[in-house]
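An overview of the molecular structure
Listed below, chain by chain, are the residues.
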Amino acid sequence: MLYWIWLNELKGCGPAEKRRLIVQYGTPQVVYEVMSGRMDTTRVSNEGLSGRMDTPHVACEGLSGKIDKTQLSLEKAKRILDVCERKKIYITPYKDFGIMDMNDLPIILYCRGEFRTGMRSVGIVGSRRCTEYGKSITETISKQLAARGVTIVSGMAKGVDSYAHNAALSVGGYTIAVLGCGIDICYPSEHKILYESIIEKGLVISEYSPGHPAGHETFPRRNRIIAAFSDSILVTEAGRISGALITAEDSLLYGKRLYACPGRIDSPTSEGCNRLIAEGKARLYMPGDLLEDENEQLTLPGIFSEPASVTPALESAPSSAAVGRRLMQEKTSSAQGNSETRVIMDLLKISEGKTTIPEVAEILQKDSASLYGVLTEMEMNDLICVEGDRVWLHK
Amino acid sequence: MASQVKSFSIQGIDGYVVDIEASILPDDRQSLSIIGMGDTSVKEAGERIRSALGDCGYSLPDCKIVLSLAPCDRRKRGSHYDLALAVALLLQSGSLRADRISEYGFIGELSLDGKLRSCSGILPMILAAKAAGVRKIILPTGNYAEAKLVSDMTIYAFDRLKDVILFLEGKQASPNPPEEGAPESATSDGPDFSEVKGQNSLVDAIVLAAAGGHNVLMIGRPGCGKTMIARRIPTILPQMTESEALEVTKIHSISGMIKEGASLMTERPFRAPHHNVSLNALIGGGMYATPGEVSLSHNGVLFLDELSEFSKSALDALRQPLEDKQVIISRVNSTNRYPAAFTLIAAMNPCPCGYYPDRKCRCTDYEVIKYRNKLSGPILDRIDIQKFVNPVDLFETDKAAPAPSSAELKKRVEAARLIQQKRFEGIPNVNCNAAMSTAMIDEFCVLDEESRSLLRNACDKFGYSARVIHKLLRMARTSADLAEEKQIRKEDISYVLHLRDLDKSSGMMGI
């Protein structure tokens, strides 16, 4: 691996050229030896490359002008390899990426976690300052996809990225985080726990050697890898200027399928997404898109779902008292122990998924103090969330 | 021989006797010096005495006058030595002849025209006098009511220095005690919980806090009623005992916060320092150490509004008083101990913009967490109840059932406290559920199988630490006490699980 690292760190030629050298000489070690003049280039050509190329040493000769002799030292590569061994970082060369290779991808990636290939993957990206809407759809979609065996790729940034990773992990899914800094650096540091759990259950990759600081230029390059590692890219929420749009453009260059979640047209936080759709660059994401089984019906709770389970009599915007009467009748008719649960769930469904404890108490005609038992039970069963007096549907 | 009269000084919250001596030495010029580590207010007494005596018709001789406050190695401050200094001087100069002067103690500040002005710290000084066997006290009329709190003392209250002199010479009978002002009417017109509408669940949590001595953090947007509720908490705390009231009065007396003519403080104190309060003002201190807000709220409520805006050092300094129920202020020449057993009621916004989790809120999860992390762990650890406060729809509250009054709530609190007093009888320093140690939790908070599994599931789900579980158990004990139940029930557990909103909310952030 030493020579792979050396070649990766080599300045003066780009990843495409490095790929060409590897193809030409077989391994980075040979490239190194040829460059340092230890090996006779003609011998190499005789030993097996002659069939492929007429003038095998041309590539190296062309480079030798650009490359400083000090770069022939292996010291730096040794140091990096040492750190990698100590920190249990392993290195994957580009041939093992398991994706369609692109010339401008780095020739190696530093990895922590488990490298799985052959799964469908979706990159979910979006702005760091996202709204409640962006957070909610990111989490929902990420959970739905991850639960069905789709790899979720993102950049472990604040906001949408972290929600996508977390949601995927929460349903036991596989997720890949592509970092814009050295692989051993957790940036942003708030994501320490997330970083550890991705390493444990997913994969963290970076093209930067350990200890490499994050900078202006590292993130756009990181975005390119996200695009390359995803079969499709979904932008859930992005403003007019957002790093997620760079990922989107990259994915188009790579010929990936691009989706965007639309937002309100007057919402600056969705302007980037809306623009992608308007300009015909991205498809408008509809629930159920991106799944293997095109026929599977999926909905987003509270956003797209119809209040179908509610009694038809309630549809005409009823007053709270009327709802109460109606729900009470239902309650008496069901006459089951869990009827209170049902009444509360029905109430939540007709009131856009949120209500308050006093409201529930009024409808059940009970003292609010006696409601905590059933509310706690529902909360434990992941039906609702309770904070202060507010009660809302669990997402 | 130098003349000697008695006055008093204060150290910490206790007084001690100061012997005031006067000596007149022959000299060409007139001079007056006061020795005994007095501060500026003591040094300036000389000018006040000169002028006040002049008003009474005395002039100082052309001599060197030395006035001494013993013990001379302790710092003294305050203007209440004036009267004693003047009397000592008159005795020494021979202008005043009085018998049994050593039976009297003197307290009072002099005005330039010879009037007596009232002073602070009367109660601890009179207690010190009693302890030292001084049974007769001469002091300004304004301090009479406070001085009368101490039994078996003869208090003589005067308005003018002249009257004091005539009384000591036996030319005037002892003065009539000043008329006592009508005692302040009971709390009928004070704030009452019946005015708090639409916040029933929060009021329930406050009742639990009052009953078990738990500290409370209220989290809600500006104007949702946090301060209104905090202000009413003293009205539901159990009645202070005589000794508690005396201690509170002592602290307030030292700080000069007893109104003229007022006597014992019967209502529990409520203190609400602003969030830019200095460390010394909060905890106590200064060169001449004085009690801080934590001690002024002793046996009452310390309300910290906008908790996250307080300086970190001020908040961290709260840790000792919250733990030990007292503050120890050490200075080079003295160490003062001030009691500080208060209930901490804190309030803060849920996020920097104040509107989380409303749609109006523009803060990201990161900003919210950063804002909440301003409170250091050790402080949050000492707060049992964290409750979100929801804004009230004023137009809906008319329809709501009338809220219970403070008197009703107080009855419930006192009943629960009684149970606790019996439970902790004979255990020092523990008088309420909040003070239970872990060993006591094992003993008094036994759960049945159902409650145990509910608690375990909830703690797994929300990731509560062992410390939080102990808090939940303490609160469940109080909840059962309020219901006058011997055993903690499942209802108690499911109720107290709703009292850790902040933990829950921060746990649900998506990062």
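All of the points below concern the structure found in this document. (Residues numbered from 1 in each chain as written. Chains lettered and ligands numbered in written order. Predicted model: local features only at pLDDT ≥ 70, side-chain atom pairs only at ≥ 80, totals over all residues. Heavy atoms only, no water.)

Some thoughts on the overall build of chain A
A count of helices and strands for chain A gives 16 helices and twelve strands. Here chain A, with 395 residues, has 52% of them falling under the buried criterion. Restricting to contacts in chain A with at least 6 residues of sequence separation, those with at least 24 account for 69%. Summed over all atoms, the accessible surface of chain A reaches about 18500 Å², with 51% contributed by carbon and sulfur. (Helix = DSSP H or I, 4+ residues; strand = E, 2+ residues; numbered from the N terminus. Buried < 20%, exposed > 50% of the residue type's maximum accessible area, 1.4 Å probe, protein only. Contact = heavy atoms within 4.5 Å. Areas by Shrake-Rupley, 256 points an atom, 1.4 Å probe, with all protein chains shown as cover.)

A look at empty space enclosed by the protein
Residue and element names in this part refer to chain B. Here the structure, examined in full by the defined rule, presents two cavities of 30 Å³ or more. The volume enclosed by the second largest cavity comes to roughly 30 Å³. Those elements that provide at least two residues to the lining of the second largest cavity are α7 (200-212) and β17 (343-348). No other element matches α7, which puts three residues into the lining of the second largest cavity. Taken together, the residues of the lining of the second largest cavity sort by class into seven nonpolar, one polar and no charged. (1 Å grid on protein atoms, 1.4 Å probe; cavity = no way out; pocket = protein on both sides within 12 Å on 5 of 7 lines; lining within 4 Å. Points joined across faces, edges and corners; volume = space filled by probe spheres on them. Nonpolar A, V, L, I, M, F, W, Y, C, P; charged D, E, K, R; others polar.)

Some thoughts on the pattern of salt bridges
Residues and elements named next belong to chain B. One pass over the structure, following the stated rule, counts 38 salt bridges over all chains. Between E103 and R100 there is a salt bridge whose closest N-O contact spans 3.6 Å. For E103, a relative accessible area of 30% corresponds to the partly exposed category. Notably, a salt bridge pairs E244 with R268, separated by 3.7 Å at the nearest N-O pair. Residue E244 is located in helix α9 (residues 242-254), and its partner R268 is located in the loop between α9 and β11 (270-271); the two are separated by 24 residues in the primary sequence. Overall, the relative accessible area of 23% leaves E244 in the partly exposed class. (Salt bridge = Lys/Arg side-chain N within 4 Å of Asp/Glu carboxyl O.)

Some remarks on the nonpolar core
Ranked by size, the top nonpolar core spans 75 residues in total, and within it F193, I206, M218 and L472 of chain B carry the most contacts. Element by element, the count of residues in this core is highest for α7 of chain B, at nine residues. Contact partners of M218 of chain B, with chain neighbours within four places excluded, come to L202, I206, K226, I229, A230, F303, I345, A346, A347, M348, K387 and V389 of chain B. Membership of the second largest hydrophobic core comes to 67 residues, among which are V30, V34, L169 and F229 of chain A. (Core = buried A, V, L, I, M, F, W, Y, C linked by side-chain atoms within 4.5 Å.)

A closer look at the packing of aromatic side chains
Here the structure, examined in full by the defined rule, presents 16 aromatic pairs over all chains. Taking the centre distance of 4.8 Å and the plane angle of 85° together, the rings of W6 of chain A and Y32 of chain A count as edge-to-face. Taken together, the positions of W6 of chain A in helix α1 (residues 2-9) and Y32 of chain A in helix α3 (residues 28-35) put the pair 26 residues apart, joining distant regions of the chain. By the burial criterion, W6 of chain A is buried, and Y32 of chain A matches it. Geometrically, the ring pair formed by Y104 of chain B and Y156 of chain B is tilted, given 6.1 Å between the ring centres and 55° between the ring planes. Taken as a pair, Y104 of chain B in strand β5 (residues 104-106) and Y156 of chain B in strand β9 (residues 154-158) lie far apart in primary sequence, 52 residues in all. You'll find Y104 of chain B and Y156 of chain B in the same group, each marked buried. (Phe/Tyr/Trp six-rings, centres within 6.5 Å; stacked < 30°, edge-to-face > 60°.)

Focus: unusual backbone geometry
A cis amide bond links Y187 of chain A with the next residue in sequence, P188 of chain A, at an omega value of -5°. Along the chain, A70 of chain B connects to P71 of chain B via a cis peptide bond; the corresponding omega equals 0°. With respect to the helices and strands, the residue P71 of chain B is situated in the loop between β4 (63-70) and α3 (82-93). Even without a glycine there, the phi angle at N299 of chain B is positive, about 65°. Among the structural elements, N299 of chain B can be located in the loop between α11 (293-296) and β14 (301-304).

Some words on the sheet that holds strand β11 (residues 384-387) of chain A
Residues and elements named next belong to chain A. Read from one edge of the open sheet, three strands run β10-β12-β11, paired in antiparallel fashion. A strand with exactly one partner marks an edge of an open sheet, and here the two such strands are β10 (354-356) and β11. Going across the sheet, the axis of each strand differs from the next one's by a mean of 20°, ignoring polarity. Relative to strand β12 (residues 390-393), β10 runs antiparallel, the two sharing three bridges. Looking at the pairing, K354 lines up with W392 of β12. Against the sheet, helix α14 (residues 339-350) contacts β10, β11 and β12, and its axis sits at roughly 80° relative to β12. (Pairing = 2+ DSSP bridges. Axes fitted to C-alpha atoms, helices over the stretch in contact; angles between N-to-C directions.)

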